[in-house]
Amino acid sequence: MGNVVDRFWDQGVPEVSEDLKHLQGWSREALIDAVERFKTQDRLSVRLAAFWKILDLHGRDEAMATWTALGLKEDGCVDFLSLILPMVAMSKQEIISRVTLIFSICDFNGNGAIKRSEFFIGLRCLFKGLSRFFPTATAPSTDDLEVAVETVFKSIDMDKSGELELEEMLTFGYRSKGTRALMYSFPVRDTRVFEALVCFIGADDTRQRARMDQVSKVE
């Protein structure tokens, strides 16, 4: 994990563009509200109109400027995970609180554990999204991410279940130098510590299963 992060920031952490600064420094509550709004729809990908509503942006002009700054075409779409996970990483929370929120978002069936495939998808979406915010960063390859996932699972999947439970992820979050290195440039302004799983509402079981199927097909 540390090697992936080191290469990602090998030129330092650049300034995010002016049109994207309002997506940094969000509160935990605002991020959770955005996820809840997203979960009312049936698709993993969002278009401009849904993007505007989910993030509760101030009008079409701001939405369009943000959309364009992310490198998206007006008639295009973006997978929500690659948007919200970087926003969590760049939020104003304590780092461990960011880790538990990312874990909760990637726990697609809400059972308090994430599979290897879910962890890989989450990690890939996180770096893919950060690359939109910081185009000069060195994005990891699929092989790099697979090695990182394998390393993490070997080090913290203590019961060899093939899943990471929240307690294991907390241990990783507190000990991982790579996690701290990834997020240290985004200042903490909320010193509350959240270690519990976030149980999202806003989607019934059918929608949740459909979304998991879409996630598994993400390129």
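Residues numbered from 1 in each chain as written. Predicted model: local features only at pLDDT ≥ 70, side-chain atom pairs only at ≥ 80, totals over all residues. Heavy atoms only, no water.

## A short note on unusual backbone geometry
Then step 1. The phi dihedral of Asp 56 is positive, around 55 degrees, even though this residue is not glycine.
Then step 2. Residue classification places Asp 56 among the exposed positions, given a relative accessible area of 54%.
Then step 3. Backbone geometry places Lys 160, a non-glycine residue, at a positive phi of 55 degrees.
Then step 4. Among the secondary structure elements, Lys 160 is positioned in the loop between helix H8 (142-156) and strand E4 (163-165).
Then step 5. Lys 160 gets classed as exposed once you look at its relative accessible area, which sits at 61%. (Buried < 20%, exposed > 50% of the residue type's maximum accessible area, 1.4 Å probe, protein only. Helix = DSSP H or I, 4+ residues; strand = E, 2+ residues; numbered from the N terminus.)

## Concerning the packing of aromatic side chains
Then step 1. Under the criterion given, the structure shown has eight aromatic pairs.
Then step 2. The interplanar angle of 70 degrees and the centroid separation of 5.2 Å between the aromatic rings of Phe 8 and Phe 127 together place this pair among those described as edge-to-face. One end of the pair, Phe 8, is in helix H1 (residues 2-8); the other, Phe 127, is in helix H7 (residues 116-133), and 119 residues separate them in sequence.
Then step 3. Judged by relative accessible area, Phe 8 falls into the buried class, the value being 1%. (Phe/Tyr/Trp six-rings, centres within 6.5 Å; stacked < 30°, edge-to-face > 60°.)

## A short note on helix H9 (residues 166-175)
Then step 1. Residues Leu 166, Glu 168, Met 169, Leu 170, Phe 172 and Gly 173 constitute the buried set of H9.
Then step 2. Buried residues belonging to H9 abut helix H6 (95-106), H7, H8, E4 and helix H10 (177-183). (Contact = heavy atoms within 4.5 Å.)

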